[in-house]
Amino acid sequence: MAYDKFEVLTSRVVPLSSENVDTDQIIPARFLKATEREGFGDNLFRDWRYDNEGKPKADFVLNDPTYSGKILLAGKNFGSGSSREHAVWAIYDYGFRCVVSSFFADIFKNNCLNIGVLPVTVSPKFADELFSAVEANPEVEVEVDIKKQTITLLSTGSAESFDINSYKKDNMLNGFDDIDYLLNLKEEIVQFEANK
């Protein structure tokens, strides 16, 4: 399933400072019955966003109109737990295109790259700087440039570089998942087979 191309994202930030957020907190298991990638955003952080009667909890960041944007700033060890890719489907479907943290669970990070959400790993110091900046001014913007592999706090110019696998970087720039990548090479594959 193709997704939007990712080149440069400039956005406000939604801060979620909780550490050790696992995939069951991101999307509870009871919502994993669907096989389509759509509709999961409604249940992103379901048990944190809504009470038992389905009413929004005012004290949860996604329900706070002060914060908005396409970048989720997360605490350390984000996406741990089971390997469910539904967690990333929920993040993407909600509207986030980038998650920033000082540490991601490996499987979650790979799922992000396969689904079109850019996981940006920053130093703990830079993560703290971002959290402080957003707390001081919720309208502050961050720029994520995948070509340059940089993340910049625009209000101060403070920046860090981040790592990304070159294959996944190319896919993100083109809006390809793994199958789209192969389909893009169809002519080359046909040519190779013809020359055997």
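Residues numbered from 1 in each chain as written. Predicted model: local features only at pLDDT ≥ 70, side-chain atom pairs only at ≥ 80, totals over all residues. Heavy atoms only, no water.

Where an unreviewed UniProt entry is consulted, the protein appears under the name 3-isopropylmalate dehydratase small subunit, with the organism given as Cyclobacterium qasimii. According to the UniProt record, the Pathway (unreviewed entry) comment for the protein is "Amino-acid biosynthesis; L-leucine biosynthesis; L-leucine from 3-methyl-2-oxobutanoate: step 2/4." Of the protein, the UniProt comment under Function (unreviewed entry) reads exactly: "Catalyzes the isomerization between 2-isopropylmalate and 3-isopropylmalate, via the formation of 2-isopropylmaleate." (UniProt positions renumbered as here; feature names shortened; annotations may be inferred.)

> An account of the environment of P28 is needed here, citing residue identities and associated values.
Among the structural elements, P28 can be located in the loop between helix 1 (23-26) and helix 2 (46-49). C-alpha separation for the pair P28 and R84, spaced 56 residues apart in sequence, amounts to 10 Å. Not counting the four nearest positions on each side in its chain, P28 is found in contact with N43, R46, D47 and R84. (Helix = DSSP H or I, 4+ residues; strand = E, 2+ residues; numbered from the N terminus. Contact = heavy atoms within 4.5 Å.)

> Can you lay out the nonpolar core for me, pointing to particular residues and giving the numbers?
V100, L118, V120, V144 and I151 are the most contacted members of the largest nonpolar core, which has 28 residues in total. Of all elements in the fold, only strand 1 (8-16), strand 2 (71-74), strand 3 (98-101), strand 4 (118-121), helix 5 (124-136), strand 5 (141-145), strand 6 (150-153) and helix 6 (166-174) reach the threshold of two or more residues within this core. In terms of residue count, helix 5 provides more of this core than any other element does, six residues in total. Beyond its immediate sequence surroundings of up to four residues, V100 is in contact with I71, L72, L73, A74, V120, V122, L130 and I151. (Core = buried A, V, L, I, M, F, W, Y, C linked by side-chain atoms within 4.5 Å. Buried < 20%, exposed > 50% of the residue type's maximum accessible area, 1.4 Å probe, protein only.)

> Kindly report on the pairing of strand 5, identifying the contributing residues and their values.
Note that strand 1 and strand 5 share five bridges and pair antiparallel. Bridge assignment links L9 to a residue of strand 5, and that residue is V144. Bridge analysis of strand 5 against strand 6 gives four bridges, and the strand direction is antiparallel. Considered in strand 6, the bridge of E143 is made with T152. (Pairing = 2+ DSSP bridges.)

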